[in-house]
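# Examining the three-dimensional arrangement
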Amino acid sequence: MNWGRLFLRILILVTATAAGEVIGVRLGVSVVGGLLGLSTVATLWALREEWRSRRLIDWLKRDSDAPSPALPGRWGDVAYHAEKALRARERELAAALADHAQFLQAFEATPNGVMLLDAAHHVVWCNRVAADHFGLDPDRDRLQLITNLVRQPLFVDYLLGGEHDEPLLMGSPHHQGSLSIVIRRYAADRLMVLLQDVSAREQADAMRREFVSHVSHEIRTPLTVLSGFVETLQALDLDRSERDRILGLMRQQSQRMQSLVSDLLVLARLEGSPRPPVDRWVDLDGLLSRIEAEVRSVSGGRHHIVFPPPTGLELAGQESELHSAIGNLVLNAVRYTPEGGEIRVEGGTNRDAHALIAVQDSGIGIAREHIPRLTQRFYRVDPSRSRETGGTGLGLAIVKHAIQRHGGELLIDSELGRGSRFSLRLPAARVRRVAPGGDTPALQSSAPLADAPVH
Ligand code: ADP
């Protein structure tokens, strides 16, 4: 209570009444004059209060972003407290909005699709990924019925069926590939739809199934032949030469299974082991001379085989993998080159200081359309020739995998009937020269292997 102000008001009232009375006495109506003086002051006060309250209400209604009007007395207090409460509310609202925006940004940042539906299945919000999977426009399609936008019967049945314990697996409505869809209830009757692109997983599963069926087939064939021979040996009393012939064939089949299992183990090791070291150096010349000894023994003098003079190079990596990569190429050259043909191995660096190891043969060659698929597991241009020569169909898959693990690439250049050139190119960081040696001209005619997947 402001006593001074109260006293002043009483004083004004008394003075106004007295002044009214003085004027009233002169006019012979002293009481009326007093009342008139009093009511004039009261009316002026009421008008002033009305004007102040109106300013405050106008500010609250229209202009509350601006500072509150400067009002004296009680109205000033009211304006001050109203503005304080208003600003506190605004700050709380801004913080809540920022939290909400961050929340939506987090949903937006997930690699999976998120969509929120109200109880009647209208789209309340969805992130870009969900919109992309379903072919929606997040702004335009807001508040639309999802069943009008995504009409796939599988999805509609799943949504309306109400049984959402198991995820739904379906083809993506807008893209190729598969989606896994999960629906969760929240806030009593709202739904959250979560979408995950499982195309890669599905593809990997399909490839694994295909691989297992290939392996089973590859193993079943020699096993069937072997068990047939065993039955023959048990059932028939064969003479010695016939017996030896059958045992020879049995030996061939078991060797075929052995090579298959050993190639499968190499592949498994390539997939499961850490990347080859960059600081363990392998002497290329030593490696090439071991491979030369192996390949000369396999060829048995049927081919003219030329290995390079000492390269003086060392390669950084895993010796067993480099051996597999180069060895498979040279053995393939022997297997796919008729007797009397030439096999030439080159080793060195090119102008960009990459290491190049090339295996050139004058063999049967490969038609252009097969080249991009050669490194797929079990892909063979001529399956019977591959099997006859002891092939597993895994050799080039191993080569590509091993060389890619070293940061390099396999290049294939071949012409049907004229021979092939398979080259391995390793990055400069994995090559060092420890002694003088020859350089290999850049492989002008070789193109990088088209994107043949390594399965
Ligand atoms: P395989 O065990 O059948 O030789 P690879 O993966 O080593 O399996 O080779 C895949 C296919 O590529 C072979 O079946 C063969 O048709 C072809 N191929 C590989 N190397 C040569 C080559 N030097 N000359 C001709 N064809 C080749």
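Above this text sits the structure in question.
If you're wondering where the values come from, they're calculated on a predicted model, not measured in any experiment.

In this section: the sheet that holds strand β1 (residues 113–117). The 5 strands lie next to each other as β2-β1-β5-β4-β3, forming an open sheet whose pairing is antiparallel. Edge positions in the open sheet fall to β2 (123–126) and β3 (168–171), since each of these has one partner strand only. Each adjacent strand pair in this sheet contributes to an overall mean axis angle of 25°, direction not counted. The pairing of β1 with β2 spans 3 bridges and is antiparallel. Looking across to β2, one finds that M115 is bridged to C126. Against the sheet, helix α6 (residues 153–161) touches β1, β3, β4 (178–186) and β5 (190–197), its axis set at about 160° to β3.

Moving on, we come to the sheet that holds strand β13 (residues 431–433). Read from one edge of the open sheet, 3 strands run β6-β8-β13, paired in antiparallel fashion. Looking at the sheet topology across the chains shown, the edges are occupied by β6 (281–283) and β13. Neighbouring strand axes in the sheet, compared pairwise and without regard to direction, differ in orientation by 30° on average. Direction of pairing for strand β8 (residues 313–316) relative to β13: antiparallel, over a ladder of 3 bridges. Of the residues in β13, the one forming a bridge with L315 is V431. The sheet strands contacting helix α9 (residues 284–299) are β6 and β8, and the helix crosses β6 at an angle near 50°.

This brings us to the site of the ligand. Around the ligand sit 21 residues in total, of which N332, Y336, S386, G393 and L396 are the nearest. Interatomic distance of 3.0 Å between a side-chain N/O atom of R335 and an oxygen atom of the ligand. Contact distances for the ligand include 3.2 Å between an oxygen atom and a backbone N or O atom of G395. Contact with the protein chains removes 98% of the 530 Å² of surface that the ligand exposes when unbound. At the level of secondary structure, the elements contributing two or more residues to the shell around the ligand comprise α10 (319–335), α12 (395–405) and β12 (419–426). Examining the composition of the shell around the ligand, we find that 3 residues originate from one element, α10, more than from any other. Of the residues assigned to the shell around the ligand, the class counts are 10 nonpolar, 8 polar and 3 charged.

As a further point, take the pairing of strand β9 (residues 342–349). The side chains of a regular strand alternate between the sheet's two faces. The sheet contact formed by strand β7 (residues 304–306) and β9 spans 3 bridges and is parallel. Its bridge partner being in β9, V306 is matched across the sheet by R344. Here β9 runs beside strand β10 (residues 355–361); their pairing, made up of 7 bridges, is antiparallel. Paired with T349 across the strands is A355, a residue of β10. From the end of β9 to the start of β10, which pair antiparallel, there are 5 residues, and A353 there has a positive phi angle of about 65°.

Taken together, the side chains of I23, L27, V29, V32 and L36 make up a nonpolar region of the molecular surface, amounting to roughly 490 Å² of accessible area. Put simply, the parts of the chain that give the nonpolar patch at least two residues each are α1 (3–27) and α2 (30–62). Mapping L27 onto the fold places it in helix α1. Look at L27 and you get exposed, because its relative accessible area is 66%.

Here the structure, examined in full by the defined rule, presents 4 aromatic pairs. Ring plane angle 65° and centroid distance 5.4 Å describe the contact between F103 and F107, whose orientation is recorded as edge-to-face. Of this pair, F103 and F107 both sit in helix α3 (residues 73–109), separated by 4 residues, roughly a single helical turn. Accessibility expressed as a relative area gives 18% for F107, which makes it buried. On the numbers, 5.9 Å between centres and 35° between planes, the contact of F211 with F378 is tilted. Of this pair, F211 sits in helix α7 (residues 199–235) while F378 sits in the loop between β10 and α11 (383–388), placing them 167 residues apart in sequence. Looking at R9, its charged tip hangs above the ring of W45, at a distance of 5.7 Å from the centre.

The rules behind each value
Residues numbered from 1 in each chain as written. Predicted model: local features only at pLDDT ≥ 70, side-chain atom pairs only at ≥ 80, totals over all residues. Heavy atoms only, no water. Pairing = 2+ DSSP bridges. Helix = DSSP H or I, 4+ residues; strand = E, 2+ residues; numbered from the N terminus. Axes fitted to C-alpha atoms, helices over the stretch in contact; angles between N-to-C directions. Contact = heavy atoms within 4.5 Å. Near = heavy atom within 4 Å. Polar contact = N/O pair within 3.5 Å; in protein donor to acceptor, adjacent residues only side chain to side chain. Areas by Shrake-Rupley, 256 points an atom, 1.4 Å probe, with all protein chains shown as cover. Nonpolar A, V, L, I, M, F, W, Y, C, P; charged D, E, K, R; others polar. Patch = residues over 30% accessible without salt bridge, like charges linked within 9 Å, V, L, I, M, F, W, Y side chains within 5 Å. Salt bridge = Lys/Arg side-chain N within 4 Å of Asp/Glu carboxyl O. Buried < 20%, exposed > 50% of the residue type's maximum accessible area, 1.4 Å probe, protein only. Phe/Tyr/Trp six-rings, centres within 6.5 Å; stacked < 30°, edge-to-face > 60°. Lys NZ or Arg CZ within 6 Å of the ring centre and 35° of its normal.

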